[in-house]
Amino acid sequence: RMIVELESATQGMLYQVVVPVYDRNHRITAALVFEYTPLFDDLLARSKNALGLVGLAALFGLVLASLCAAWIARSISVPLKHLTDAALQLAHGERNVMVATDSRDEVGALAKVFNTMSVALLASEENLSKQAQTDMLTGLANRNLLMDRVKIAMTDAQRRGDWVVIAFIDLDGF
């Protein structure tokens, strides 16, 4: 057990350990008293110093972890924001939209796939437009292209106050 005694107002606390000494009949015959006040004071001072160092190290670690987390979040969120903006541009009808593929991580791989998709979408739309306006067998303009061009010519002529002339030649047996 530990006994704390106040020696006097000027000395402070006195720390002691009292160990009873028993005889063969289990009666206390003596007591050993160990005083450890200087050792306790020294350990208390060292533990306060160590606790301050641990607190400082924890604070430094927290600041470092926060900075690393912010850098990692930024390195992921900024490229994803560029990809999102590019996807919205495609959704609004812009074509041949490309994003930077500087990184070699998963986001960079996603950016490369996005660019491939953008190029393929543009080529597919150009192919569909060509198929819609030309004859597949001859490659000549079809009725859809003719009507589109006539509409454009008539709109321009009305705006300028001009005339549009269309000549139609029907060759049978040619």
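Owing to the predicted nature of the structure, the values given are computational and were not obtained by experimental measurement.

Right, let's get into the environment of threonine 101. With respect to the helices and strands, threonine 101 occurs in the loop between helix H1 (37-91) and helix H2 (106-133). With a relative accessible area of 29%, threonine 101 lands in the partly exposed category. Leave out the neighbours within four places in its chain, and threonine 101 touches Gly108, Ala111, Lys112 and Asn115.

The next point concerns the packing of H1 against H2. Interhelical geometry of H1 versus H2 gives an angle of 15 degrees and a closest axis separation of 10 Å. Taken together, the axes of H1 and H2 lie roughly parallel to each other. In this structure, H1 meets H2 at a crossing whose hand is left-handed. Across from Pro79, Leu80, Leu83, Ala86, Ala87 and Leu90 in H1, the residues of H2 making contact are Val107, Leu110, Ala111, Phe114, Met117, Ser118 and Leu121. Of the residues contributing to the contact of H1 with H2, the split by class is 12 nonpolar, one polar and no charged.

Turning to the environment of lysine 130, a few remarks are in order. Looking at the element boundaries, lysine 130 is found in helix H2. Measuring from C-alpha to C-alpha, the distance between lysine 130 and arginine 159 comes to 28 Å, with 29 residues separating the pair along the chain.

What follows concerns H1. Here H1 spans 78 Å end to end across 55 residues, near enough to the 81 Å set by a 1.5 Å rise per residue. Buried within H1 are the following residues: Thr37, Leu83, Ala86 and Leu90.

Looking now at H2. Over its 28 residues, H2 extends 41 Å from the first C-alpha to the last, a length consistent with the 40 Å expected when each residue adds 1.5 Å. Listed as buried for H2 are Val107, Gly108, Ala111, Phe114, Asn115 and Ser118. Residues of H2 that are buried sit in contact with H1.

Reading guide: rules and limits
Residues numbered from 1 in each chain as written. Predicted model: local features only at pLDDT ≥ 70, side-chain atom pairs only at ≥ 80, totals over all residues. Heavy atoms only, no water. Helix = DSSP H or I, 4+ residues; strand = E, 2+ residues; numbered from the N terminus. Buried < 20%, exposed > 50% of the residue type's maximum accessible area, 1.4 Å probe, protein only. Contact = heavy atoms within 4.5 Å. Axes fitted to C-alpha atoms, helices over the stretch in contact; angles between N-to-C directions. Parallel < 35°, antiparallel > 145°, perpendicular 65-115°, else oblique. Left-handed = near helix turned anticlockwise from the far one by under 90°. Nonpolar A, V, L, I, M, F, W, Y, C, P; charged D, E, K, R; others polar. Expected span 1.5 Å × (residues − 1).

Purely spatial values, then, with no claim about function.
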